[in-house]
Amino acid sequence: MAALTKRSKVVSNKKMSFWEKIYLPAILGGMWITLGHLFTRKTTVRYPEVTREFSEIYRGKHVLKRDDEGRERCTACGLCAVACPAEAITMIAAERKPGEENLYREEKYASTYEINMLRCIFCGLCEEACPKEAIFLTKEIVKAGYERDTFVYGKDVLLEPLDPLKRIDVSKRQTPEVLEFKKDKNQRHNVQ
Amino acid sequence: MFKITIDNILIEVEEGTTILQAARMIGGKVVPPAMCYYTGLKGSGGKCRSCLVKVAKGSAKDPRPMPKLVASCSTPVQDGMVVENTTSAEVQEARKGVVEFLLINHPLDCPVCDQAGECDLQDLSYGFGMEETNTREPRREYPVVDIGPLIKLHMNRCIHCYRCVLAAEQLTKKRAHGMLYRGDTMEISTFIQTAIDNDFSGNMIDVCPVGALTDKTFRFKSRVWFLNPMNAHRECSKCSGKVTAWMFGNEIYRITGRKDQFGEVEEFICNECRFEKKDINDWVIDGPRKIKRQSVISSNHYEELKKGSIIHPIEGTTEPQE
Ligand code: SF4
Ligand code: SF4
Ligand code: SF4
Ligand code: FES
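Predicted, not measured: the structure shown is a model, and the values here were computed from it.

Engineer: Looking at this structure, I do not really get the pairing of strand β3 (residues 52-57) of chain B. What am I missing?
Structural biologist: Sheet topology places β3(B) next to strand β4 (residues 70-71) of chain B; 2 bridges connect them, and they run antiparallel. Opposite B:V53, over in β4(B), you have B:V70 as the bridge partner.

Here's what the structure looks like:
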């Protein structure tokens, strides 16, 4: 019969010697290895007192950015949703009314914007797809929870706070080319 | 019958056919893009120049090449004509120039535009456009206006193809809108806000190759790639009642004409079908429409793969890879 896996071993039934029969050397050998591990470098940290250093481009919880004047950047174009391999993003668009120019950057905005964090695989494709630099992943971790419903994050959680001190800096996530492009104020994209 | 060669493919066509129509009979890559020509509208074509081709041999009798690139939508074929489209670097280069000019005043606000995903100009720019712009001047800007209660006009996005004016003239009894001014200040107007209330005025939305004329009842409702286009029909006293229903679950988000592979509607539909019948019970749904796999509309629409079909053969192999 053909072997089921490549790893199968032929078991030998050979008689054990006296030293093997008393087991003690094998037990001591095992304990020696355990003892050795006490003195090696630990691979774990005492979270939450100690946290690990995060990469600047760590892919954690999303943020919906505002522009410098505090207007929402997202225009509900749906490109993040179509790029998302997990189909985690849904949104409903609405038209900006006269007088709301200080709230929304474009004529159209997302009145609801939801990401299902249970579906999200944190691939960052939404960030890559966004033409308006509206959605970014951040270093923040998505918290654990007991109810499934609490993982559908709406605009209340995702939107960047207006408070200038609480703004989220994403410039480290952008490539040098993008940062260079953004300096060009002749481009309508970069105005304000 | 005339024999004509387009991109080294020989085809026999009727006398009086245009080069564009002959190319469409061959189909595939040799078909030049057309932004202003529309088969169903008399007098359309010859305005956008995106369908330029090179005529390397005028005809069997007079084999001299034509001195300049010609607009294939308005040039009739001659017997023995040799046409180059994709095989001519000159044509490709010229088309890049045409696209640059079409985009010179275009806002390219596709993320906001309701036409995105089914826009001829997007396809054309994607194929031939530059990544950067050569102009620094501000683009012309017009306010967004309502043409009647059902249609929204974004003059910023208009490329002056004239299709809507011809549609209004030929499909409706009284034309209520036309072009004003000239050059880059040209503007579509409804002759001082005369609302268009013709039974067939909604077809202007379908013939507009860009997002200049859009359906107000669908404005910002969804993006085309989130919807499922379905063939649907109903008994209608004014038109054939054969439409495409763009559905999300059991809801109809919008109704359009049935567009063929060249983006032209098979039959013009009336406003009642287009704007008023948004309930699923008004329609008999015939089934999903075939979408090109390259189109963004086909994304996330799952279709069963046929067993054994090779989707992306890896170079140098003949076996499907696991
Ligand atoms: S990170 Fe990836 S999976 Fe998560 S929402 Fe964005 S695109 Fe979808
Ligand atoms: S986050 Fe970006 S890609 Fe997603 S809808 Fe908003 S503007 Fe479009
Ligand atoms: S008309 Fe086409 S190219 Fe222009 S903004 Fe709309 S989708 Fe984009
Ligand atoms: S399609 Fe021929 S010139 Fe526009």
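Engineer: What's the story with the site of ligand 3 in this structure? I'm lost.
Structural biologist: Within the structure, ligand 3 sits among B:H106, B:L108, B:D109, B:C110, B:C113, B:A116, B:C119, B:Q122, B:R157, B:V210 and B:G211. Its residues assigned to classes, the shell around ligand 3 shows 6 nonpolar, 3 polar and 2 charged.

Engineer: It is not clear to me how the interface of chain A and chain B should be interpreted in this structure. Could you clarify?
Structural biologist: Put simply, an interface is often sized by how much accessible area is lost when its parts join up. The interface is formed by 18 residues belonging to chain A together with 14 residues belonging to chain B. Its largest share of buried area at the contact with chain B, chain A owes to A:V82, A:E107 and A:K108, together 35% of the area lost on that side. The interface formed by chain A and chain B holds 3 salt bridges in total. Counting across the chain A and chain B interface gives 5 residue pairs in polar contact (both at pLDDT 80 or more). Counting only elements with at least two residues in the side of chain A that touches chain B, the list comes to α3 (79-83) and β2 (89-95) of chain A. A class-by-class count of the residues in the side of chain A that touches chain B yields 8 nonpolar, 3 polar and 7 charged.

Engineer: Looking at this structure, how should I read the sheet that holds strand β3 (residues 108-116) of chain A?
Structural biologist: Working definition: the strands of a sheet are paired by backbone hydrogen bonds and lie parallel or antiparallel to each other. Residues and elements named next belong to chain A. In space, the 3 strands of this open sheet follow the order β2-β3-β5, with antiparallel pairing throughout. What marks the edges here is a single partner per strand, and that holds for β2 and β5 (152-153). Where β3 lies against β5, 2 bridges are found, and the strand directions are antiparallel. Across the sheet, I115 pairs through a bridge with Y153, a residue of β5.

About the criteria used
- Residues numbered from 1 in each chain as written.
- Chains lettered and ligands numbered in written order.
- Predicted model: local features only at pLDDT ≥ 70, side-chain atom pairs only at ≥ 80, totals over all residues.
- Heavy atoms only, no water.
- Pairing = 2+ DSSP bridges.
- Helix = DSSP H or I, 4+ residues; strand = E, 2+ residues; numbered from the N terminus.
- Near = heavy atom within 4 Å.
- Nonpolar A, V, L, I, M, F, W, Y, C, P; charged D, E, K, R; others polar.
- Contact = heavy atoms within 4.5 Å.
- Buried area = accessible area lost by both parts, 1.4 Å probe.
- Salt bridge = Lys/Arg side-chain N within 4 Å of Asp/Glu carboxyl O.
- Polar contact = N/O pair within 3.5 Å; in protein donor to acceptor, adjacent residues only side chain to side chain.

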